[in-house]
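# Working through the structure, step by step
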Protein chains: 2
Amino acid sequence: MALELIQDKLKGIETNSLVDRVEARLVELLQSRQLKVGDTIPKEIELAEIIGVSRTVIREALLRLRTMGLIESRKKKGAVITSPDIFGNLSKSMNPYLLDDNTLREVFELRLVLEVGMADLLYHRITKNDIEDLRRIVQDEPTDAENRIFNVNHEIAFHGKLYEISGNQTMRKFQKMLLPVFEYVHESGLLKKPASRKKFISHRGLVDILENGSPEMFRNAMRNHLDNHFARLFD
Amino acid sequence: MALELIQDKLKGIETNSLVDRVEARLVELLQSRQLKVGDTIPKEIELAEIIGVSRTVIREALLRLRTMGLIESRKKKGAVITSPDIFGNLSKSMNPYLLDDNTLREVFELRLVLEVGMADLLYHRITKNDIEDLRRIVQDEPTDAENRIFNVNHEIAFHGKLYEISGNQTMRKFQKMLLPVFEYVHESGLLKKPASRKKFISHRGLVDILENGSPEMFRNAMRNHLDNHFARLFD
DNA sequence: TAATTTTATTATGTCATACATAATTATGGC
DNA sequence: GCCATAATTATGTATGACATAATAAAATTA
């Protein structure tokens, strides 16, 4: 009885719940001990004894670490440190229906910022094969008349390929997460201005610049290509 | 015995663990029912009965949602939907000592991409007050001779202010998360080339361009300003 | 009656125990 | 020495109990 109070006394007053504190201690432990990926941490029961709480609490704390991708637990083997997939878990909360309007708009902006700013990575890492892939993709660049689904697929194929070329997996994962949100914002009534039909620099044009131009040129071209989206933000 | 198999039979074969499936069902539930922030979801015991698993499993699944920031649970009141702070939880796993080298480098790149690409947001939202703030900050722009800590603080003040001006809270939070990683990569031996002493466009120069130039100019200037970092990536 | 204090209720937080499950290790036969 | 089988072990899941805190209901008082 009054167990929590006793724990408080023992460990100094902390405001959070027991699991919170245990979690913090575990994270601290992981960080302090220069653990490498693949190292195992003590078993649940051992941790329970060491810290002096029930296995339930330990399990809840470990579960959080697992949810954050800091550890993976295998039967018999105990939990092992993993290199966290920083965006892996994020995708579940990155849901248009659960985010408030302002955040949605900000995520929309984030994609635009990334694509305008990624030029240098592209130029440094692009290969001849990539150019060929892009050529194949833009070969069927749809006109405005064609149906929306096809348009969306083409958009995803082209811009997705760019993220791939960037050679930055983290950014690519991030983009994949942003995609549904972007789609949602684009289609929803969240942005005041309607999408314009005006044509800006095409995907084809971007490929040409990627092949023969410079990062500066590409940044400006991409900015132009995305002007429809930018214009809807800035009204 | 063979409870899991029975569950599989009932619900169609799914590969993941029981908690995984329950979690998925709960997320699905939250999304389908057009729930607004503040709405409550059924009690743990009710959920256990509805889905047909023990309270333990329900609790673990709910705990994940809580860790992801989708819900908050209050005693007696049950769990309530919250607008997820998408990057809130991420900060725990965004730890230099837990990320592998490649991810670290990619996060490093991510920051560069963001700052080069954010120009349009800046120009659209900057105010006279912001310019004054920036002027105050660059007034004490340190020279190379001065000590590192001061340099770092100045860097953070200046670039942080830019994110603030962008008006994109999501991006700002993201940057705050990236900062320690960036610092770590910059200081560590992860990048092959040493940091150059060569001077590029200064913070002062960036402010001038922000005041009188265009987004195009700013992008190029920022790219130049960050060339030290870019050069270390591209060797 | 209205306001305030006290008590009861209720849902989550924590603990404890038991067993299932899957992976590893040990054993045994050849 | 190799392969199949059995024992071990740590996590996964279920169940039941009580603590705690927030709320609702009841009782007391002005």
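Residues numbered from 1 in each chain as written. Chains lettered and ligands numbered in written order. Predicted model: local features only at pLDDT ≥ 70, side-chain atom pairs only at ≥ 80, totals over all residues. Heavy atoms only, no water.

### Comments concerning the overall build of chain A
Convention followed: Helix and strand assignments come from DSSP, with helices taken as H or I runs of at least 4 residues and strands as E runs of at least 2, each series counted from the N terminus. Under the scheme applied here, a residue whose accessible area is under 20% of the maximum for its type counts as buried, over 50% as exposed, and between as partly exposed, the area being computed with a 1.4 Å probe on protein chains only. In what follows, a contact means two residues having at least one pair of non-hydrogen atoms within 4.5 Å.
Looking only at helices and strands, chain A features 13 helices and two strands. Relative to its full complement of 235 residues, chain A shows a buried share of 49%. Sequence-distant contacts in chain A: of pairs separated by 6 or more residues, those separated by 24 or more amount to 69%.

### Examining the pattern of salt bridges
Basically, it comes down to this: Whenever Lys or Arg places a side-chain nitrogen within 4 Å of a carboxyl oxygen from Asp or Glu, that contact is recorded as a salt bridge.
Evaluation of the coordinates by the stated rule reveals 36 salt bridges over all chains. Here arginine 59 of chain B ties to glutamate 60 of chain A by a salt bridge, and the two come within 3.0 Å at their closest N and O atoms. Of this pair, arginine 59 of chain B sits in helix H4 (residues 55-67) while glutamate 60 of chain A sits in helix H4 (residues 55-68), each in a different chain. Since its relative accessible area comes to 11%, glutamate 60 of chain A is described here as buried. The salt bridge partner of arginine 125 of chain B is glutamate 109 of chain A, with a shortest N-O separation of 2.5 Å. Of this pair, arginine 125 of chain B sits in helix H7 (residues 119-125) while glutamate 109 of chain A is found in helix H6 (residues 101-117), placing the two residues in two different chains.

### A closer look at the confidence of the model for chain A
Our working definition: On a range of 0 to 100, pLDDT expresses the predictor's confidence in each residue.
For chain A, the mean per-residue pLDDT works out to 82, and 87% of the residues sit at or above 70. Averaged pLDDT values for the elements of chain A fall to 38 in helix H1 (residues 3-11) of chain A and rise to 97 in helix H7 (residues 119-125) of chain A.

### What to know about the interface of chain B and chain A
The condition is simple: Joining two parts hides part of their accessible area as seen by a 1.4 Å probe, and the buried area is that hidden amount summed over both. Here a polar contact means two N or O atoms within 3.5 Å. Within protein one must be a hydrogen donor candidate and the other an acceptor candidate, and residues neighboring in sequence count only if both atoms are side-chain atoms. Classification used: nonpolar for Ala, Val, Leu, Ile, Met, Phe, Trp, Tyr, Cys and Pro, charged for Asp, Glu, Lys and Arg, polar for all others including Gly.
Chain B puts 51 residues into the contact, and the matching count from chain A is 51 residues. Across the chain B to chain A interface the summed buried area is about 5,100 Å²; carbon plus sulfur atoms make up 62%. Scanning the region where chain B abuts chain A turns up six salt bridges. The interface formed by chain B and chain A includes 16 residue pairs in polar contact (both at pLDDT 80 or more). Of all the secondary structure elements, the ones that give two or more residues to the side of chain B that touches chain A are helix H2 (18-32), H4, helix H5 (90-93), helix H6 (101-117), H7, helix H10 (169-187) and helix H12 (215-225) of chain B. Examining the composition of the side of chain B that touches chain A, we find that 10 residues originate from one element, H6 of chain B, more than from any other. The class makeup of the residues in the side of chain B that touches chain A is 22 nonpolar, 14 polar and 15 charged.

### Thoughts on the relation of the copies chain B and chain A
Applicable threshold: The copies were overlaid with a least-squares fit restricted to C-alpha atoms from residues scoring a pLDDT of at least 70 in each copy.
For these two chains of identical sequence, chain B goes onto chain A by a turn of 180° and a shift of 0.1 Å along the axis, with RMSD 0.5 Å. The superposition operator between the copies reduces to a two-fold rotation axis. Minimal C-alpha separation from the rotation axis in chain B is found for glycine 117 of chain B, amounting to 1.8 Å. A shared binding surface is used by both copies, with 96% of the interface residues of chain B retained as interface residues in chain A.

### Comments concerning the packing of aromatic side chains
Residue and element names in this part refer to chain A. How we decide: Aromatic rings from Phe, Tyr and Trp, taking only the six-membered ring of Trp, are treated as a pair when their centres fall within 6.5 Å; an angle between ring planes under 30 degrees marks them as stacked, one over 60 as edge-to-face, and anything in between as tilted.
Taken as a whole, this structure holds seven aromatic pairs over all chains when the rule is applied. Their ring planes at 75° and their centres at 6.2 Å tell us that tyrosine 123 and phenylalanine 218 sit as a pair that is edge-to-face. Of this pair, tyrosine 123 sits in helix H7 while phenylalanine 218 sits in helix H12 (residues 215-225), and the two are 95 residues apart along the sequence. Considered together, tyrosine 123 and phenylalanine 218 belong to a single accessibility category, that of buried residues.

### Observations regarding the pairing of strand E1 (residues 71-74) of chain B
Moving residue by residue along a regular strand, the side chains alternate between the two faces of the sheet. Residue and element names in this part refer to chain B. Defined as follows: Pairing between strands is defined by DSSP: at least two bridges between the two strands are required.
In the sheet, E1 pairs with strand E2 (residues 78-81) via four bridges, with the strands oriented antiparallel. Within the sheet, the bridge partner assigned to isoleucine 71 lies in E2 and is isoleucine 81. A loop of three residues connects E1 with E2, the two strands running antiparallel in sequence, and lysine 76 in this loop sits at a positive phi of about 70°.

### With respect to the packing of H2 of chain B against H4 of chain B
Residue and element names in this part refer to chain B. Formally: The convention used is that axes are lines fitted to C-alpha atoms, helices contributing only their stretch in contact, and that angles between N-to-C directions extend from 0 to 180 degrees. Roughly parallel here means an angle under 35 degrees, roughly antiparallel means over 145, roughly perpendicular means 65 to 115, and every remaining angle is called oblique. Put simply, a crossing is left-handed when the front helix is turned counterclockwise from the back one by less than a right angle, and right-handed when it is turned clockwise.
It is at 9 Å that the axes of H2 and H4 come closest, and there the two elements cross at 55°. The angle between the axes of H2 and H4 places the two elements in the oblique class. For the pair H2 and H4, the sense of crossing is right-handed. On the side of H2, the interface is formed by Leu18, Val19, Asp20, Val22, Glu23, Leu26, Val27 and Leu30, while H4 contributes Val57, Ile58, Glu60, Ala61, Leu62, Arg64 and Leu65. Taken together, the residues of the contact of H2 with H4 sort by class into 11 nonpolar, no polar and four charged.

### Topic: the environment of serine 202 of chain A
Residues and elements named next belong to chain A. By the element assignment, serine 202 lies in the loop between helix H10 (169-187) and helix H11 (203-212). For serine 202, a relative accessible area of 24% puts it in the partly exposed group. In sequence terms serine 202 and histidine 225 are 23 residues apart; their C-alpha atoms lie 6.4 Å from each other. With residues up to four places along the chain from it excluded, the contact list for serine 202 reads Glu141 and His225.

### A few points about the environment of glutamate 155 of chain B
All names here are of chain B. Of note, glutamate 155 is situated in helix H9 (residues 148-165). Judged by its relative accessible area of 29%, glutamate 155 falls in the partly exposed class. Apart from the residues lying within four places of it in its own chain, the contact partners of glutamate 155 are Arg111, Gly160 and His203.

### Concerning H2 of chain B
The criterion, for reference: For a helix, the expected span equals 1.5 Å multiplied by the residue count minus one.
The end-to-end C-alpha distance of H2 of chain B is 21 Å, a good match for the 21 Å that 15 residues give at a rise of 1.5 Å each. Among all positions in H2 of chain B, only Leu18, Val19, Arg21, Val22, Glu23, Leu26, Val27 and Leu30 of chain B are buried.

### Thoughts on the side chain of glutamate 106 of chain A
For the record, the criterion: The sign given to each residue is positive for Lys and Arg and negative for Asp and Glu; His and the chain ends receive no count.
Note that glutamate 106 of chain A resides in helix H6. No salt bridge is formed by the buried glutamate 106 of chain A, whose closest oppositely charged neighbour, arginine 105 of chain A, lies at an N-O distance of 4.3 Å. Residue contacts for glutamate 106 of chain A: discarding those within four places in its chain leaves Gly167, Asn168, Gln169 and Thr170 of chain B.

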